[in-house]
Amino acid sequence: MPFAEFTPTSTLASSTPATSLSSPSSPVESQKSLALHEPSPETLRRTLHHESDVLIVGAGIIGTALAITLARAPHNRSVTLLEKSLKEPDRIVGELLQPGGVSALKKLGLEDCLEEIDSVRVKGYEVIYYGKGVEIPYPSNAAGGKIEDGDRREGKGGRPEGRSFHHGRFIRRLREAALKEENISVIESDVKDVVKCGYTGQIVGVQCLTNGEKDVHFGQLTVLADGYASRFRKEYISRPVVSKSRFWGLELIDAVLPRPLHGHVILGEGAPVLLYQIGSRETRALVDVPENLETANPKAGGVKGHLREVVLPSLPECVQPSFARALDEGKLRSMPNSFLPPSVNRVPGMVMLGDAMNMRHPLTGGGMTVAFNDVVLLRDLLDPKMVPDLGNTKAVLKQMEKFHWRRKHLTSVINILAQALYSLFAANDPQLKALQLGCFRYFQRGGQCVDGPVGLLAGIIRQPLVLFYHFFSVALLAIWLVLSQSTWYRLPLAGIESVSVFYKACVVLFPFIFSELRS
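Remember, predicted model here, so these are calculated numbers, not experimental data.

### Notes on the sheet that holds strand S6 (residues 132–137)
Strand pairing in a sheet takes place through backbone hydrogen bonds and is either antiparallel or parallel in direction. Taken in spatial order, the 7 strands make up an open sheet running S6-S5-S13-S14-S15-S12-S16, and their pairing is mixed. The sheet terminates laterally at S6 and strand S16 (333–339), the two strands that pair on one side only. This sheet shows a mean twist of 20 degrees between the axes of neighbouring strands, independent of strand direction. Strand contacts of helix H12 (residues 430–444): strand S5 (124–129), S6 and strand S13 (263–267), with the helix running at about 60 degrees to S6, the strand carrying the most contacts.

Right, here's the structure in full:
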């Protein structure tokens, strides 16, 4: 659609959302009251001319956090934040924030967003393997890996803690924080396309529909953070999104968990099941269902039949009653489990962030931790002392090249660990089953065998070599179990099986390492 057809809807009211986020005494009213005073030149620039320093598409986790960060000192940028719907979202993922994410949220001054939403403290994990459980607490001092100072908490024993919550409530709190910022205009608008300069190809803004009318917004820097179902990804990222399974979610009421204040991973014959509290009474159950699973075939009763006949009996007895009740109520929803390696942003005038640019399996709950740490890194790289003018595309692209490689200390660990752990926990062949058993036995050893892996998962150990060390320690333990459990006359066959297990471990890990090394 020709750029000339778009005319900005120049009303001061557009600086506030069309949909109220809370009661009349909420931050929405606080921002509306600003209109009663003389607006600043930057506010007029955003509302009358639809021009800003930073234009962000997507008021989700990373989009809202980045908008607030760039609007505050020392950046003091003028920010327009566009979102298709400002209604409180209702999703079944993005509900567990690891300690590394809590730490990043504090660094951004947004820790208050975790309050007043009935969030639940998370102290670690309970892994249950064929009915046997092992506690995996977040480490106070992870052997073999350095914990960042900001990732420590004053909890019992100095152990860091995560938080779990209803995703929509947390998003609402972030948006309320954005609405309090004088340098931000939050607008409910459906972005349809980007606006390019016909001579340079630089992205200078977006075309959208606001209240059903054609509209346009301009920014020196356009940030596309429109989530896992990004409208723009295919045009700017050549790598395909890989999705081989879906999480089917239920909300359990008054469930009795084997170990409260812990996330639970249930391992058995099928794919893994996750259980974690998201409120004082609510517990989320996520069941991984791979593609073309025979027991989830419509002829076999579909996904609901699979959950009732296969998953329900495999759960701890204390959880089964609440799971059955939730299943009877029929409130079953799903989300794809996607993998997309990160890419360098090379488009002048545009940056793509969040799930639009990089995704990993949600098994380890690392998505929000990656997002908030990305904002912390961008806060430093786009500091006005380093990039005074965001319209200087060469300077911005140079910083985005640095961003791509510097974030790997954390994100490569979380990305690789999520994909590798899922391969083991959803084991569907003898070699992966052997590695799965080796992983559980490794956790049972305690000490460094727990502190290191969970420190990586929590986003507080940021050393890829530590991941490499523990993964192949698991592989060697799995090989030892294969050999030690074999009788003397089966040793030659056990030797062949051991080689197969080690080979499988390499096949699982190295492709994800290589995907992180590509730019």
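### Quick notes on the pairing of S6
Across a regular strand the side chains alternate sides, sitting on one face of the sheet and then on the other. Sheet topology note: the S5/S6 ladder contains 6 bridges and is antiparallel. Paired with Tyr-125 across the bridge in S6 is Ile-136. Following S5, the chain reverses through 2 residues before pairing antiparallel with S6; Tyr-130 in that reversal takes a positive phi of roughly 50 degrees.

### Section: the side chain of Arg-173
Here Arg-173 shows up in helix H5 (residues 167–179). A residue is classified by how much of its surface remains accessible, and Arg-173, at 16% relative accessible area, is buried. Ignoring any residue separated from it by four or fewer positions in sequence, one finds Arg-173 in contact with Asp-112, Cys-113, Glu-115, Glu-116 and Ile-117.

### With respect to empty space enclosed by the protein
Inspection of every chain in the model, using the stated rule, returns 3 cavities of 30 Å³ or more. If you add up the space inside the largest cavity, you get close to 300 Å³. If you trace the largest cavity, you find 22 residues lining it, with Leu-417, Leu-421, Cys-439, Phe-443 and Pro-453 closest to the centre. Those elements giving two or more residues to the lining of the largest cavity turn out to be S5, helix H11 (408–425), H12, helix H13 (448–457) and helix H14 (464–484). With 5 residues, the top contributor of residues to the lining of the largest cavity is H11. Taken together, the residues that form the lining of the largest cavity break down as 20 nonpolar, 2 polar and no charged.

### Comments concerning the sheet that holds strand S7 (residues 162–164)
Spatially, 3 strands are ordered S3-S7-S4 in an open sheet, and the strand pairing comes out antiparallel. Edge strands, defined here as strands with exactly one partner in the open sheet, are strand S3 (96–97) and strand S4 (120–122). The sheet contact formed by S3 and S7 spans 2 bridges and is antiparallel. The residue bridging Leu-96 from the neighbouring strand is Ser-164, located in S7.

### Brief notes about the pattern of salt bridges
Any two side chains of opposite charge can pair, given that their charged atoms come close. Across all of its chains, the model carries 26 salt bridges by this definition. Measuring nitrogen to oxygen at the nearest pair gives 3.9 Å for the salt bridge that ties Glu-51 to Arg-45. We note a salt bridge from Arg-360 to Asp-355, for which the minimum N-O separation is 4.0 Å. Using a relative accessible area of 7% as the deciding quantity, one classes Arg-360 as buried. Judged by its relative accessible area of 27%, Asp-355 is partly exposed. A single salt-bridge network, built from bridges that share partners, covers Glu-88, Glu-116, Arg-172, Arg-173 and Glu-176.

### Here's the deal with unusual backbone geometry
At the junction of Ala-73 and Pro-74, the peptide bond is cis and its omega measures out at 5 degrees in the coordinates. Structurally, Pro-74 is set in the loop between helix H3 (61–71) and strand S2 (79–83). With phi around 50 degrees, Asn-76 is a residue other than glycine that occupies positive phi space. The topology assignment puts Asn-76 in the loop between H3 and S2. For Asn-292, which is not a glycine, the phi torsion comes out positive at approximately 60 degrees. Tracing the chain through its elements places Asn-292 in the loop between strand S15 (282–290) and helix H7 (302–314). Take Asn-292: its relative accessible area is 76%, and that puts it in the exposed class.

### Thoughts on H3
Among the 11 residues of H3, 11 are classified as buried, and the element is accordingly described as predominantly covered. Those residues of H3 that fall on the buried side of the exposure criterion are Ile-61, Ile-62, Gly-63, Thr-64, Ala-65, Leu-66, Ala-67, Ile-68, Thr-69, Leu-70 and Ala-71. Of the surrounding secondary structure, the elements contacted by the buried residues of H3 are strand S1 (51–57), S2, H5, strand S8 (184–188), strand S11 (213–224) and helix H9 (367–381).

### What about the packing of aromatic side chains?
Per the counting criterion, the structure on display carries 13 aromatic pairs. Here the aromatic rings of Phe-170 and Phe-372 are separated by 6.0 Å at their centres, their planes lie at 80 degrees, and the arrangement is edge-to-face. One end of the pair, Phe-170, is in helix H5; the other, Phe-372, is in helix H9, with 202 residues separating them in the sequence. Comparing Phe-170 with Phe-372 shows no difference in burial state: the two are buried. Linked through ring pairs, Phe-468, Phe-471, Phe-472, Phe-502, Phe-510 and Phe-514 together constitute an aromatic cluster.

Definitions and limits used
- Residues numbered from 1 in each chain as written.
- Predicted model: local features only at pLDDT ≥ 70, side-chain atom pairs only at ≥ 80, totals over all residues.
- Heavy atoms only, no water.
- Pairing = 2+ DSSP bridges.
- Helix = DSSP H or I, 4+ residues; strand = E, 2+ residues; numbered from the N terminus.
- Axes fitted to C-alpha atoms, helices over the stretch in contact; angles between N-to-C directions.
- Contact = heavy atoms within 4.5 Å.
- Buried < 20%, exposed > 50% of the residue type's maximum accessible area, 1.4 Å probe, protein only.
- 1 Å grid on protein atoms, 1.4 Å probe; cavity = no way out; pocket = protein on both sides within 12 Å on 5 of 7 lines; lining within 4 Å.
- Points joined across faces, edges and corners; volume = space filled by probe spheres on them.
- Nonpolar A, V, L, I, M, F, W, Y, C, P; charged D, E, K, R; others polar.
- Salt bridge = Lys/Arg side-chain N within 4 Å of Asp/Glu carboxyl O.
- Phe/Tyr/Trp six-rings, centres within 6.5 Å; stacked < 30°, edge-to-face > 60°.

That's the geometry; what it means functionally is another story.
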